[in-house]
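Descriptive structure summary
Here are the chains, one letter per residue:
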Amino acid sequence: MSARRFEPDALLRLASDILRAVGVPGASATLVADSLVQAELWGHHSHGLLRLPWYVARLRSGATKATAAGEVLIDTGALVLLDGQDGLGQVMAERARDLAVERARVHGIGAVGVRNSNHFGTAMYFTRRAAREGCVALLTTNASPAMAPWGGKEKRVGTNPWSIAGPWRDSVVALDIANTAVARGKLYLAKQRGEPIPSHWALDSEGAPTTDAVAGIAGTIMPMAGHKGYAISFMMDLLSGALTGSAVGTGVIGPYMPDGSSGAGHLMIAIDVAALGPVEDYDSRVDAMVREVRETPLAVGHDRIHHPGELEDLAEAAARAAGGVELPEQTIAELGTLADDLGVALPAGWSIVASVSGATP
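- Going by what an unreviewed UniProt entry lists, the chain is known as Lactate dehydrogenase and is assigned to Agrococcus terreus.
- For the record of the chain, the UniProt heading Sequence similarities (unreviewed entry) holds the text "Belongs to the LDH2/MDH2 oxidoreductase family."

1. Describing the side chain of Ser233
- Mapping Ser233 onto the fold places it in helix H8 (residues 227–242).
- Look past the residues within four positions of Ser233 in its chain and what remains in contact with it is Met147, Val157, Gly158, Thr159, Asn160 and Asn179.

2. Quick notes on the sheet that holds strand S13 (residues 264–272)
- With mixed pairing, the 7 strands of this open sheet are ordered in space as S2-S3-S4-S13-S5-S8-S9. Of all strands in the sheet, those bounded by a partner on one side alone are strand S2 (71–75) and strand S9 (171–177). Averaged over all adjacent pairs, the angle separating strand axes in this sheet is 15°, with direction ignored.
- Judged from the 4 bridges that link them, strand S5 (residues 135–141) and strand S8 (residues 162–168) form a sheet pairing that is antiparallel. Within S8, the position partnered with Ala137 by the bridge is Ala165.

3. Thoughts on the pattern of salt bridges
- Counting across every chain of the model gives 19 salt bridges.
- Here the salt bridges share partners, and the residues they tie into one network are Asp34, Glu94, Arg97, Asp98, Arg129 and Glu133.

4. Some details on a nonpolar patch on the surface
- Residues Ile109, Ile271 and Leu276 make up a contiguous nonpolar surface patch of roughly 280 Å² in combined accessible area.
- Turning to its location among the elements, Ile109 is positioned in strand S4 (residues 109–117).

5. Quick look at helix H6 (residues 184–193)
- Within H6, 7 of the 10 residues are buried, leaving the element largely enclosed by the surrounding structure.
- Within H6, burial applies to Arg184, Gly185, Leu187, Tyr188, Leu189, Ala190 and Gln192.

6. A closer look at helix H10 (residues 310–322)
- Under the 1.5 Å per step criterion, the end-to-end length of H10 is 18 Å for 13 residues, consistent within 8% with the ideal 18 Å.
- Here H10 has its buried residues at Glu310, Glu312, Glu316 and Ala319.
- In the stretch just after H10, Gly323 is the one whose phi turns positive, near 105°.

7. Remarks on the environment of Ala218
- Assignment of secondary structure puts Ala218 in helix H7 (residues 213–218).
- A relative accessible area of 58% means that Ala218 is categorised as exposed.
- In this structure the C-alpha to C-alpha distance between Ala218 and Tyr125, which are 93 residues apart in sequence, comes to 29 Å.

Conventions used here
- Along each chain, the written sequence defines residue order, and numbers are assigned to residues from 1.
- It should be noted that, the model being predicted, local features are given only for residues of pLDDT at least 70 and side-chain atom pairs only at 80 or more, the latter also being counted only at that level, while totals for whole chains, interfaces and linings use all residues.
- In computing side-chain values, all of the structure's heavy atoms are included and hydrogens and water are not.
- UniProt positions are given in the numbering used here, feature names are shortened, and annotations may be inferred rather than shown by experiment.
- In this text, helices come from DSSP runs of H or I with a minimum length of four residues, and strands from runs of E with a minimum of two, each type numbered from the N-terminal end.
- Contact definition: two residues touch when any of their heavy atoms are within 4.5 Å.
- Strands qualify as paired when DSSP identifies two bridges or more between them.
- Structural elements are reduced to axes, namely lines fitted to C-alpha atoms, with helices fitted over the stretch in contact, and the angle between N-to-C directions of any two is expressed from 0 to 180 degrees.
- Criterion for a salt bridge: a side-chain nitrogen of Lys or Arg within 4 Å of a carboxyl oxygen of Asp or Glu.
- Exposure above 30% relative accessible area and the lack of any salt bridge qualify a residue for a patch; like charges then connect within 9 Å, and the nonpolar side chains Val, Leu, Ile, Met, Phe, Trp and Tyr within 5 Å.
- Accessibility throughout is a Shrake-Rupley quantity obtained with a 1.4 Å probe, and a residue counts as covered only by protein chains that appear here.
- Per-residue accessibility, obtained with a 1.4 Å probe over protein chains only, is compared with the maximum for each type, and a residue is labelled buried under 20%, exposed over 50%, and partly exposed between these values.
- A helix's residues, less one, multiplied by 1.5 Å, set its expected span.

What follows is the structure in structure tokens.
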């Protein structure tokens, strides 16, 4: 499916305006929009603007509360628990990040749990922000069922992604992964583009490997690293859901569904690097880590080794140099129709394209 390129600022304004049109306050709308556009810039298109219509559908149904700001339930100083009140996941994750960094400044470490939240987009968006403020950060979340427990064929466990990021001089090192072979959004992206998927991504409803994205969505996504990915995902649900008092397992409802309280839970932990010793010494140790991996002799078929988070930085630089973000026609069609329906002005050069069959829900 063809794609066209748009300036990030224009996409940010469009997404923000659409969210404001369904009652999301200005700052919150900008935050959510920025998280989606940033995912596009990093090359994580499965977590980019194709998700905006899903968010809007949940906001319109009332499943997601547009103005919820979260309520502090427990505050022990270094540890805080928030009730997300069915609010936007990005708003809750950002509040958790802000509180965790604030408490880390005082106690050396800050941990903030969130219950009753929603999908928050790309986890790296928040851990990178904490890293820019001098903290090593861990963010976990649970998600609606996507994979079968190892040996099964029915969805019982979410992708339950997590991210770790840390400062490194004027940059960051960062990891963001789901515990499945791929994030579920990549199947929706392949479906949107009409493309086959690799046979190791998903099983169909009978438990057989498939290259059909539609069959994979109806079936289950395979765990990464076999039984290890399943077990890691299970434990991330313990941290995100069971520990915070939120929904767990099959009780979590994903952003793909327009109705129903999500019940998603998150856990954000921030550790102040300066609390453990001179930042310069920490940076020197990270220097050594990066240098050692970059200087490793290359395996056949590889021309460079990257440190975690570098690919995202390179993707963003390339997108900006090329003039912006590429969007497939299906996403352009869905956003154009949504904007037209809400009376939101489209960026210059945009056109409302007829919907393509097989559009995402």
